[in-house]
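Next come the chains, spelled out residue by residue.
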Amino acid sequence: MAATEEKQQGHRPGAFKQKNKVHKHGKHRTKGEVERENKGRVSVTALTKKQRKEQKKIDRRNKANQLRRNKKDMILTEKRRLGGRDGPPHLVAVVSLHTDADASSVTKMLRRETVGGIVHQEQCVSGLGDSFGLILPRFKQRFTFLHQDTADMHSLLDMAKIADSLLFVLDAAEGWDDYGDYCLSCLFAQGLPSHALVCLGVSDLPVKKRVEARRALSKIVEVRFPDTRLFPLDSDQDATLLLRHLGSQKQRKLGFRSRRSHLLAQCVTFTPSDHSEGSSGGPSGLGTLCVSGYVRGRPLRVDRLVHISGHGDFQLSQIDAPSDPLPLNLATGRSNKSGRGGDVDMQDGGDNEAPVRVLMKADPTTRESLQAEAEVDPMEGEQTWPTESELLEAEEARKNKRVMKVPKGTSDYQATWIVDEDDNGELKEESSEEEEDDDDEMLDEAMDDEDEDICSQEEEEEEVCPTERTGADQRYDEHMDEAAEEEGLRRYREARANEMFPDEVDTPIDAAARIRFQRYRGLKSFRTSPWDPMENLPQNYSRIFQFQNFERTRRRILAEAAAEEDGAMVGWYVTLHIMDVPSSVMDSVQAGRPLTLVSLLPHEQKMSVMHVLVRRHPSNTEPIKSKEELVFHCGFRRFRASPIFSQHTTADKHKMERFLRPDAPTVVSVYAPITFSPAGVLLFKQRSDGIQDLVATGSLLSCDPQRVMLKRIVLSGHPFKINRRSAVVRYMFFNRDDILWFKPVELKTKWGRRGHIKEALGTHGHMKCVFDSQLRSQDTVLMNLYKRVYPRWTYDPYVPSPLPWVKKEGTVELDDLDME
């Protein structure tokens, strides 16, 4: 016992014992050998870290298969829900892309009884006569077909935002014409949903020419639709195959509509309000608009605002659940009036007497408000600087002050009664010149050369003997707008001058440059020099809203919208009661235009500074000037505004562009309601004759009022005398005070020299400058000046309906002229 107790225990190495490297014998152990050797033991260093689960190869393969299977089941469930019992009917818009392609023949073919469908409801869409609901018991699907006219571009784009599929009708010989290609350009830029191509009249051709005609048409189609199948539609079997393809094809998701609940109005009623009668009654009176349709996209909540495309934002009062007008089990003789869940309260008695149910009513305390602009408090800002009105009053007082020669000893009171003969005219000229100097648009007009004005005057004074116009020339001139031609010539000259001499302006001779360019400043480096984004903000910035972090807010709101499960679910047929809607909405429905609604996300009714990244469309060749009125199609919204253009860079300052560049992406900034990306954007320019041309296409970039956009002007001078690194420069300024004022600003030359003003020579604008190296006699000295610019507050939600689009070159066809 004593010997056992006195036995000493063996030494056990600690966790920090030195471990020498094992000899590398060149053999590699397999994973099985490593596991057998360890026998479940874990090293001390691994116990102190987070456990990592190591999966075997078969486990990783099973996990990948499971994720793939779940994703496939989710896609199949979503595809089967569309057009099925639990989803909305499959909405198909039939669009003709050629004047000779008859879209009504396609709808007549699909409406036949021999195709296998049951036409349940004629004119199922309010305002559209050629629309019907179709039930296919064989496929257990239901469709809603409507014929959309391409003459109204606004209605076509609105329908493409809602439709699940677009059915394009092509001509057997040409495919699509010029206007059809223009429509496709707009649809592709906005976001094209699932689509199918149909061709009529192939069976009418001779048997030997059918294969050749199909091959030629396939080559035409491959330009726009490289992977899309072309379906002939000449028999009932072709119609059945087309319906099967529409019901089973993969749905293309559009980001701006899949994240918001939207609805196509199938039944619309308008009830005038009591307060709208009388003085405010008539076409401008307000009332309650009841819109019935199927909920699509996301669940619809009653406390959210709804946007009616082309008419504005409105509030909901309640949501009803009437009976489904297009039940899928119609062929079996059963009704489908329920299906809204068991938690819905009945409005009156049983289902047979009052099938309309009230799903939910809006709570005024939680309902979102229609406030679009922030409340402006004029006392909130600093009072150390005079307001614009005070500056204008002081300016008017200075303009009205007269300086005249009076006899010696005349008092001020007596001098006010002395009137000079040329005094009124001189005052008017001086005031007009000073107003033009104060106007910001003076910089753009200063780009015009004086030589062009002199030439234009000489051309006007020159006597031209007009030749006799007969036949084709006379008819050609009748279709030409001379005012539009002169305006186009002026724009081309401005764009050409801006391209040859970027941002260069002439220094005024009869005015001081330090006063003319007093809002501009010089920068040591455009990239690194600081510019405070909160400095000297305009009055309109007090009317807008701003996010502390727009991207973080966007992700949070989109995540909350994706997780919402309350409200009217997708596929339910509901009736929305919209409050305070003008009667012009009902007039638009009665005129045959479709009515589309979308539920807005939080903050999407508020005004801010939106930035859009666009590229100029290749079909547009006319110069587009900054601050020119354009028509915007941004997501579900449509409005008019005057934006400004700037470069797309990653810096904290961005140079303003005077014209929309055709060779680079451009950022378009405008005052507009907040919209969370992604969303496609289309820019149109309205001609003088009412036709709207597609100018640019792009997508939303951000919402950032603090984006600094700087307008640059370049003052140029020419070296007069050169002595190595120093030179005498003239023609940049015309008096000594201006030289002393702009002396701290750095100078540059077109050949890359840098320098600064050393001193002024004389009183006529000559100055001595020093550069970093030898100056060439043919070089030009430049001075860059910058000022911050802001968009114009010209937001207008009303956009007039455009006229049918025609090519400018095709206004007068040569075949129609009598060439004598």
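Before reading on, note that the structure itself is shown above.
The model shown is predicted, which means the values in this text are computed figures rather than measured ones. (Residues numbered from 1 in each chain as written. Predicted model: local features only at pLDDT ≥ 70, side-chain atom pairs only at ≥ 80, totals over all residues. Heavy atoms only, no water.)

Trainee: Looking at this structure, how should I read the overall build of the chain?
Mentor: On a plain count of helices and strands, the chain comes out with 21 helices and 31 strands. For the chain, contacts bridging at least 24 residues in sequence account for 78% of all contacts bridging at least 6. With an accessible surface of roughly 48200 Å², the chain has 49% of that area assigned to carbon and sulfur atoms. (Helix = DSSP H or I, 4+ residues; strand = E, 2+ residues; numbered from the N terminus. Contact = heavy atoms within 4.5 Å. Areas by Shrake-Rupley, 256 points an atom, 1.4 Å probe, with all protein chains shown as cover.)

Trainee: Please clarify how the sheet that holds strand β9 (residues 267–272) should be interpreted in this entry.
Mentor: Read from one edge of the open sheet, 5 strands run β9-β10-β16-β13-β14, paired in antiparallel fashion. Of all strands in the sheet, those with a lone pairing partner are β9 and β14 (357–361), marking the two edges. Averaged over neighbouring strand pairs, the angle between their axes works out to 25° when direction is ignored. Relative to strand β10 (residues 286–294), β9 runs antiparallel, the two sharing 6 bridges. Residue T271 lies in a different strand from β10, and its bridge partner there is T288. (Pairing = 2+ DSSP bridges. Axes fitted to C-alpha atoms, helices over the stretch in contact; angles between N-to-C directions.)

Trainee: Before we go on, may I ask you to explain the pattern of salt bridges in this structure?
Mentor: Think of it this way: side chains of opposite charge can pair up when their charged atoms draw near. Tallied over the entire structure, the rule returns 32 salt bridges. Ionic pairing is found between E564 and R304, a salt bridge with its closest N-O pair at 2.6 Å. Linking E564 in the loop between α19 (550–563) and β16 (573–582) with R304 in the loop between β10 and β11 (306–308), this pair joins segments that are 260 residues apart in sequence. In this structure E564 comes out as buried when scored by relative accessible area, which is 13%. Between K685 and E628 there is a salt bridge whose closest N-O contact spans 3.1 Å. Of the two residues, K685 is situated in strand β24 (residues 680–686) and E628 in the loop between β18 (607–616) and β19 (630–634); the sequence distance between them amounts to 57 residues. As far as the burial class goes, K685 and E628 line up, both buried. Each of R301, D303, R304, E368 and E564 takes part in a single network of salt bridges with overlapping partners. (Salt bridge = Lys/Arg side-chain N within 4 Å of Asp/Glu carboxyl O. Buried < 20%, exposed > 50% of the residue type's maximum accessible area, 1.4 Å probe, protein only.)

Trainee: Where do I start with unusual backbone geometry in this structure?
Mentor: Most peptide bonds take the trans configuration, and most residues that are not glycine carry a negative phi. With omega at 5°, the peptide bond leading from S677 into P678 counts as cis. Within the fold, P678 resides in the loop between β23 (666–673) and β24. Phi angles above zero are rare outside glycine, and K140 is one such case at about 55°. Structurally, the position occupied by K140 is in the loop between β3 (131–136) and β4 (141–147). The phi angle at K627 is positive, at roughly 65°, despite the residue not being glycine.

Trainee: When you look at helix α7 (residues 178–190) in this model, what are you seeing that I'm missing?
Mentor: Because the α-helix completes a turn every 3.6 residues, residues three or four places apart line up on one side. Taking 1.5 Å as the rise per residue, α7 with 13 residues should run 18 Å; its terminal C-alpha atoms sit 19 Å apart, in good agreement. Listed in full, the buried residues belonging to α7 are Y179, G180, Y182, C183, L184, S185, C186, L187 and Q190. Buried residues belonging to α7 abut α6 (153–162), β5 (165–170), α10 (255–258), β24 and β25 (692–703). Positive backbone phi, at 125°, marks G191, one or two positions downstream of α7. (Expected span 1.5 Å × (residues − 1).)

Trainee: When you look at the packing of aromatic side chains in this model, what are you seeing that I'm missing?
Mentor: Any two aromatic rings considered together are summarised by their centre-to-centre distance and by the angle between their planes. Inspection of the entire model under this criterion finds 19 aromatic pairs. Between the aromatic rings of W176 and F225, the centroid separation amounts to 6.2 Å while the plane-to-plane angle is 75°, which identifies the pairing as edge-to-face. Taken together, the residues W176 in the loop between β5 and α7 and F225 in the loop between α8 (207–221) and β7 (230–232) connect sequence positions 49 residues apart. F225 shares its class with W176; the two are buried. Ring geometry for Y671 versus W793: centroids 4.8 Å apart, planes at 40°, classification tilted. Here Y671, found in strand β23, pairs with W793, found in the segment after β31 (781–788); they are 122 residues apart in sequence, far enough to count as distant. Ring pairs connect the aromatic residues F168, W176, F188 and F225, which therefore count as one cluster. In this structure, R521 packs its charged tip against the face of W531, placed 4.1 Å from the ring centre. Sitting above the plane of the F545 ring, K606 keeps its charged end 5.0 Å from the centroid. (Phe/Tyr/Trp six-rings, centres within 6.5 Å; stacked < 30°, edge-to-face > 60°. Lys NZ or Arg CZ within 6 Å of the ring centre and 35° of its normal.)

Trainee: In this structure, what is going on with the sheet that holds β11? I would like to understand it.
Mentor: Whenever strands of a sheet pair, they do so through backbone hydrogen bonds, lying parallel or antiparallel. Pairing in this open sheet of 4 strands is antiparallel, and the strands run β8-β17-β11-β12 from one edge to the other. The sheet is open, and its two edges are formed by β8 (262–264) and β12 (312–314), each paired on a single side. The average angle at which neighbouring strand axes cross in this sheet is 25°, direction not considered. Here α6 sits on the sheet in contact with β8 and β17 (596–599), set at roughly 120° to β8.

Trainee: What should I look at first to understand the side chain of N784 in this one?
Mentor: By the element assignment, N784 lies in strand β31. Excluding residues that lie within four positions of it along the chain, N784 makes contacts with R521, G522, R712, I713, V714, V745 and K748.

Trainee: When you look at the nonpolar core in this model, what are you seeing that I'm missing?
Mentor: General note: in soluble globular proteins, nonpolar side chains tend to be found buried as a group. Among the nonpolar cores identified, the biggest contains 72 residues, and F168 and F632 are the most heavily contacted of them. If we skip the residues at most four places from it in the chain, F632 touches R637, R638, F639, A641, P643, V668, V670, V681, L682 and L683. In terms of nonpolar packing, the next biggest core, distinct from the first, is built from 27 residues, I308, I319, V585 and V589 among them. (Core = buried A, V, L, I, M, F, W, Y, C linked by side-chain atoms within 4.5 Å.)

Trainee: Sorry, what's going on with a positive patch on the surface here?
Mentor: Taken together, the side chains of K31, K57, R60 and R61 define a basic patch exposed on the protein surface. Ranked by residues supplied to the positive patch, first place goes to helix α4 (residues 57–81) with 3 residues. With a relative accessible area of 45%, R60 lands in the partly exposed category. (Patch = residues over 30% accessible without salt bridge, like charges linked within 9 Å, V, L, I, M, F, W, Y side chains within 5 Å. Lys, Arg positive; Asp, Glu negative; His and termini not counted. Charge placed at Lys NZ, Arg CZ, Asp CG, Glu CD.)

Trainee: For this particular structure, what's the right way to read α4?
Mentor: Over its 25 residues, α4 runs 36 Å from end to end, which matches the ideal 36 Å to within 8%, given 1.5 Å per residue. Among the residues trailing α4, G83 stands out with phi positive, at a value near 85°.

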